[in-house]
Structures are given as structure tokens and as C-alpha cells.
Amino acid sequence: MVEQHSKPKRIQDRKPKSSFKRSIKPIQARITPSTVETDLESNDLIYGRHPVLTAMESDRQLNRIWIISRLRYDPRFLPLLNDAKANGTVIDEVDPQRLSQITQGGNHQGIVAQVSPYTYTELSDLLERAKTKTSSPVIVIADGITDPHNLGAIIRTTEAVGAQGMIIPQRRASGITSTVLKVAAGALEHLPVARVVNLHRALEELKEAGFWIYGTAANNGKHIHTVDLKGAIGLVVGSEGEGLSLLTQRCCDELISVPLAGKTPSLNASVATAMALYEIYRQRYSDPIYLESVSSSTSQK
């Protein structure tokens, strides 16, 4: 049985709380993880029929598409390719070996696209859009997810269950790279993502907007099925190895955990996120009032 406990109302007017060293090796350029990440994000490739089809069907700008001749005139692709070409996308017919070379042996399924750098949504816009879609929005906040496969899987699940957006930090975390786009399998064309400099300030902004912040914890949180997960929710998930930082935990209103009966002490970040999101929406789908509001908003579109 869900433990019914009241949540205090958010206070809407709450107030939030360089040095330079010259290199001694001027001839040798330094390559850091941040510069590599920038290169990846400015020259991203997506491949596979479903991800590329989804990108072409959206407003995402594609710089170039490489495609085998058999797919070039496929009825599913031809009209979209013609539209993309009219919008300035370069279309190249190539052989499968060229695609294997471009993707470094990836499962390209006969088509590869080079996308423009991902355009993040401003946090204020994300919150405004989320609250116009539903009175009980859900936003997922990733605290330092460094594995792009995990981030892509989290994004895919977040969009699939119907959440309204996602927030990721700018530092010490994966951005939206080609790997993330591939794993997300088209979800990013429908899910806005905000990238913020200060994650903890972003959590305060969510609180000011009326969101209740829940952080996932492996051991020291309340069992998720005993918590009333209604209303506007910000779900914070931690990094693969460290979980939530102590500062992030202090920013949360409550810590929750998925009870485990086996010997494995914790879950993969994307799996834990999926289970937490499922419980949030399981509770909502058992609420007739929520279902009526969803049905009403859908019929008005």
C-alpha cells in the first residue's frame, strides 16, 4: 500500500543560496576529454534505418546523408530524402563498404547521416513547455552520467514512458553525442534536453517551479513503492560508479530506492531509472483523475 503523506507546498519566491599557467611544452598540443567530446558533438554521425528515418521526419538539420542505392529509392526513404535535399542536405549514394568505413564497422543498415550539433533547450523553456503539457510533469535529471550508452538508454526510456524532459550537467558528464543519438533510437527528436552549468541551481529552479525532487539511492532511500509519487516530479539519477553526489542528495526533497532481494548490491543507472519511472507512472495510471486529465489533454490536440 502506498504511504500517503502530504507534501508541503513549494514557496514560489524562495531565494537561492582564475588562474592561468603557461604550458612548458608549447609545441605539443594537449588533447583532453573535453576537447574530444567537443569534436564528437560537432561532427556527429547517426546510422541505422530507424534513427535516420526519425531524424529526417523531425526538424533536425542533417548536413549529409550516405545511402546505398537500394535504399535511395525505397518508398519509405525517397520522399524524405527529396525533402532533405531541398533543405540543403547533401545526398551521397555509396556502397556498403564505404558506410562500414565511415561508421568504423558499425551496424549501419545501409544509411548514415551527419547531423548538425545537437541544440539543447533552455531550462526555463523546458519547464514552461513541461507545465503546459500536463499539471503533473516528470523531468529526469542525470547527475554525472558519463557512459553515452547509459545516457542514451535513459533518454529512450524517459521519452517512452511519457516524461516531459531531461536535464544534464555540462561538466563531468556525457553530452548528446552520436552514440547517445544511436542508443536513444529517435527519442531525442521528441524529448527536450537542457544542459546546465550548475546542476544544483537547476534543482532549486525546479523547486521554485513547484517540482518535488526525488533522488535515487542504492541503500539509504525509502522503498519506492511506499512513496506517494504524484504531482510535478524531478527524478534525479546518479552516475554509474558513484551514484548521487552528497551535494545533490542534500538538494533532494527525498531519497528513494528500488528494493533488491539478490546478492547484487545495485542496478545499472539506466535500469534503475527505468524502474523508478515505471513506478511513477504505475501509480498515476491507477489514479482515475490522472487518466481523465490525460485523456482530456489528448482530445484537445
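Residues numbered from 1 in each chain as written. Predicted model: local features only at pLDDT ≥ 70, side-chain atom pairs only at ≥ 80, totals over all residues. Heavy atoms only, no water.

K.L.:
Help me understand a nonpolar patch on the surface, please; the structure alone is not making it clear to me.
P.N.:
On the surface, a cluster of nonpolar side chains totalling about 300 Å² of accessible area is made up of Leu 260, Leu 267, Val 271 and Met 275. Within the secondary structure layout, Met 275 lies in helix α11 (residues 269-285). (Patch = residues over 30% accessible without salt bridge, like charges linked within 9 Å, V, L, I, M, F, W, Y side chains within 5 Å. Areas by Shrake-Rupley, 256 points an atom, 1.4 Å probe, with all protein chains shown as cover. Salt bridge = Lys/Arg side-chain N within 4 Å of Asp/Glu carboxyl O. Helix = DSSP H or I, 4+ residues; strand = E, 2+ residues; numbered from the N terminus.)

K.L.:
Would you explain the sheet that holds strand β1 (residues 44-47) in this entry?
P.N.:
Two orientations exist for strands paired in a sheet by backbone hydrogen bonds: parallel and antiparallel. Read from one edge to the other, the open sheet built from 4 strands follows the order β1-β4-β2-β3, with strand pairing classed as mixed. A strand with exactly one partner marks an edge of an open sheet, and here the two such strands are β1 and β3 (90-93). Between one strand axis and the next, the sheet turns by 20 degrees as a mean value, whatever way the strands run. Where strand β2 (residues 62-67) meets β3, 4 bridges bridge the pair, whose relative direction is parallel. Pairing of Ile 67 across the sheet is with Glu 93, part of β3. Of the strands in this sheet, β1, β2 and β4 (111-115) touch helix α2 (residues 49-57), which is tilted by about 115 degrees from β1. (Pairing = 2+ DSSP bridges. Axes fitted to C-alpha atoms, helices over the stretch in contact; angles between N-to-C directions. Contact = heavy atoms within 4.5 Å.)

K.L.:
Any chance you could explain the nonpolar core here in plain terms?
P.N.:
If you look at soluble globular proteins, the nonpolar side chains tend to sit buried side by side. Of all hydrophobic cores here, the largest spans 57 residues; its most connected members are Met 56, Ile 65, Ile 155, Met 166, Ile 176 and Leu 188. The element contributing the most residues to this core is α11, with 5 residues. Viewed by domain, this core spans two of them, domain 1 (45-115) and domain 2 (123-299), each represented by three or more residues. With 23 residues, the next largest nonpolar core counts Leu 126, Leu 127, Ala 130 and Ile 167 among its residues. (Core = buried A, V, L, I, M, F, W, Y, C linked by side-chain atoms within 4.5 Å. Buried < 20%, exposed > 50% of the residue type's maximum accessible area, 1.4 Å probe, protein only. Domains from an automatic or database assignment.)

K.L.:
What is the right way to look at the pairing of strand β11 (residues 254-257) in this model?
P.N.:
Consecutive side chains of a regular strand alternate in pointing toward one face of the sheet and then the other. Of the two faces of β11, the one carrying Glu 254 and Ile 256 and the one carrying Leu 255 and Ser 257 are both buried. Looking at chain direction, strand β8 (residues 212-216) and β11 are connected through 3 bridges and run parallel. In the strand pairing of β11, Gly 215 is matched with Leu 255. With 2 bridges joining them, strand β9 (residues 222-223) and β11 adopt parallel strand pairing. Residue pairing in the sheet places Lys 222 in a bridge with Ile 256 of β11.

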